[in-house]
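# Structural overview for review
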Amino acid sequence: MTKQCHEVDYQIIGSSMQLVEVELDPGEAVIAEGGAMNFMEPDINFEAKMGDGSDLESGFFGKIWGASKRAFSGESIFMTHFTNEGNQKRKVAFAAPYPGSVLAIDLSKHNGELICQKDSFLAAALGTNVTLKFNRRLGSGFFGGEGFILQSLKGDGMAFIHAGGTLIEKELNGETLRVDTGCLVGFTSEIDYDIERAGSLKSMVFGGEGLFLATLSGHGTVWLQSLPFSRMADRIISHAPSLGGKTKGGK
């Protein structure tokens, strides 16, 4: 069976503030979100293209449709393609804009699909299909905040996603896990996902845990993050003096 995705090698560097270094053979390529690149060696050429390049026969209108879905989610309609155009192995590295861990996933070992938060995706081997994944209950999804807009990564190669803070891996064997929507990084396609109200009205307003929770159940793997970017940003803003936050000593 012909492999869909390029076979890239990689190394995850660092501990608490990780990046992934991808090694490309001549002619191999990797796709990434704009601004994720950290460094690259000579012979690596990068180009912003409309779409992920997984379907070369989709045509112009197919690419427009894919780009419009990315625009709806607040993402750029372009993805950056990095290609080794030399005659020897070359490396390119990617990192998220805030501290955390990088998770490397071999999609071929997870039924060819991973569902992740739209802000978690870093990079993937060329040939990976990156599309939006909508929850069945569209109404509840609109109120689910970060839990609504998910990405589906499909293929048979390597994909790299980012988790803020510490990465937590949970194996579900028929259980149900309730998660703050911002703490959800990704999960395998066998997991059933939905959004529910976070307790009573009083708990929703005064509990400080958000208005909605993600519920995940079934058999598969779930990855969580200890420090969602939104939570970190809220703390920084609340303590910024120029924005009304408090300085040391309450002044």
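Residues numbered from 1 in each chain as written. Predicted model: local features only at pLDDT ≥ 70, side-chain atom pairs only at ≥ 80, totals over all residues. Heavy atoms only, no water.

## A few points about the nonpolar core
Nonpolar side chains in soluble globular proteins tend to be buried together. Core analysis: the biggest nonpolar cluster contains 19 residues, and Val22, Phe94 and Phe160 have the highest contact counts within it. Of all the secondary structure elements, the ones that give two or more residues to this core are β2 (19–24), β3 (29–32), β7 (90–94), β10 (121–125) and β13 (158–164). Setting aside its immediate chain neighbours within four residues, Phe160 contacts Tyr10, Val20, Val22, Val102, Leu103, Ala104, Ser120, Phe121, Leu122, Ala123 and Ala124. Ile31, Leu103, Phe121 and Leu126 belong to the second largest nonpolar core, which has 18 residues in total. (Core = buried A, V, L, I, M, F, W, Y, C linked by side-chain atoms within 4.5 Å. Buried < 20%, exposed > 50% of the residue type's maximum accessible area, 1.4 Å probe, protein only. Helix = DSSP H or I, 4+ residues; strand = E, 2+ residues; numbered from the N terminus. Contact = heavy atoms within 4.5 Å.)

## Here's the deal with the environment of Glu7
Positionally, Glu7 belongs in the segment before β1 (9–13). Measuring from C-alpha to C-alpha, the distance between Glu7 and Gly157 comes to 6.3 Å, with 150 residues separating the pair along the chain.

## Quick look at the side chain of Glu113
Mapped onto the elements of the fold, Glu113 is located in strand β9 (residues 113–117). What makes Glu113 buried here is its relative accessible area of 12%. Of the polar contacts made by the side chain of Glu113, one reaches the side chain of Ser152; its length is 2.6 Å. Setting aside residues no more than four positions away along its own chain, Glu113 makes contact with Leu107, Lys133, Ser152, Leu153, Lys154, Thr188 and Ser189. (Polar contact = N/O pair within 3.5 Å; in protein donor to acceptor, adjacent residues only side chain to side chain.)

## A look at the confidence of the model for the protein chain
Per-residue confidence for the protein chain averages 80 on the pLDDT scale, and 70% of its residues sit at or above 70. For residues 138–147, every residue scores under 50 in pLDDT, and the model assigns this stretch 19 contacts once sequence neighbours within four places are set aside. (pLDDT = per-residue confidence, 0-100.)

## So, the packing of aromatic side chains
Any pair of aromatic rings gets described here by the distance separating the centres and the angle formed by the planes. Enumeration according to the criterion identifies four aromatic pairs in this entry. Plain terms: the ring middles of Tyr10 and Phe160 are 5.3 Å apart, the flat faces sit at 65° to each other, and that makes the pair edge-to-face. Residue Tyr10 is found in strand β1, and its partner Phe160 is found in strand β13; the two are separated by 150 residues along the sequence. Within the aromatic cluster, the residues linked to one another by ring pairs are Phe46, Phe82 and Phe94. (Phe/Tyr/Trp six-rings, centres within 6.5 Å; stacked < 30°, edge-to-face > 60°.)

## A few points about the sheet that holds β3
Read across the open sheet, the six strands follow the order β5-β6-β3-β10-β13-β8; overall the sheet is antiparallel. Each edge of the open sheet carries a strand with a single partner, namely β5 (44–50) and β8 (100–106). Sheet twist, expressed as the mean angle between neighbouring strand axes with direction ignored, is 20°. With four bridges joining them, β3 and strand β6 (residues 78–84) adopt antiparallel strand pairing. Bridge assignment links Ala29 to a residue of β6, and that residue is Thr83. (Pairing = 2+ DSSP bridges. Axes fitted to C-alpha atoms, helices over the stretch in contact; angles between N-to-C directions.)

## Describing the sheet that holds β1
One open sheet holds the four strands; their spatial order is β1-β2-β7-β4, and the pairing between them is antiparallel. Looking along the sheet, the strands with just one partner apiece sit at the ends: β1 and β4 (37–40). Taken over all neighbouring pairs, the strand axes of this sheet differ in orientation by 20° on average, direction set aside. In this structure, β2 lies alongside β7, joined through five bridges in antiparallel fashion. Within β7, the position partnered with Leu24 by the bridge is Arg90.

## Quick look at unusual backbone geometry
Phi is positive for Asp43, close to 80°, though the residue is something other than glycine. Of note, Asp43 is situated in the loop between β4 and β5. Overall, the relative accessible area of 34% leaves Asp43 in the partly exposed class. Positive phi values are uncommon outside glycine, yet Asn111 reaches one of about 60°. You can see Asn111 is positioned in the loop between β8 and β9. Overall, Asn111 belongs to the exposed group, its relative accessible area being 59%.

## Regarding the pattern of salt bridges
Overall, the coordinates contain five salt bridges when judged by the stated rule. Salt-bridge contacts for Glu23 lead to Lys89; the nearest nitrogen and oxygen are separated by 3.9 Å. Of this pair, Glu23 sits in strand β2 while Lys89 sits in the loop between β6 and β7, and the two are 66 residues apart along the sequence. By relative accessible area, which is 23% here, Glu23 ends up partly exposed. Between Arg90 and Asp43 there is a salt bridge, with the nearest N and O atoms lying 3.0 Å from each other. Residue Arg90 is found in strand β7, and its partner Asp43 is found in the loop between β4 and β5; the two are separated by 47 residues along the sequence. Put simply, Glu23, Asp25 and Lys89 are held in one network by salt bridges that share partners. (Salt bridge = Lys/Arg side-chain N within 4 Å of Asp/Glu carboxyl O.)

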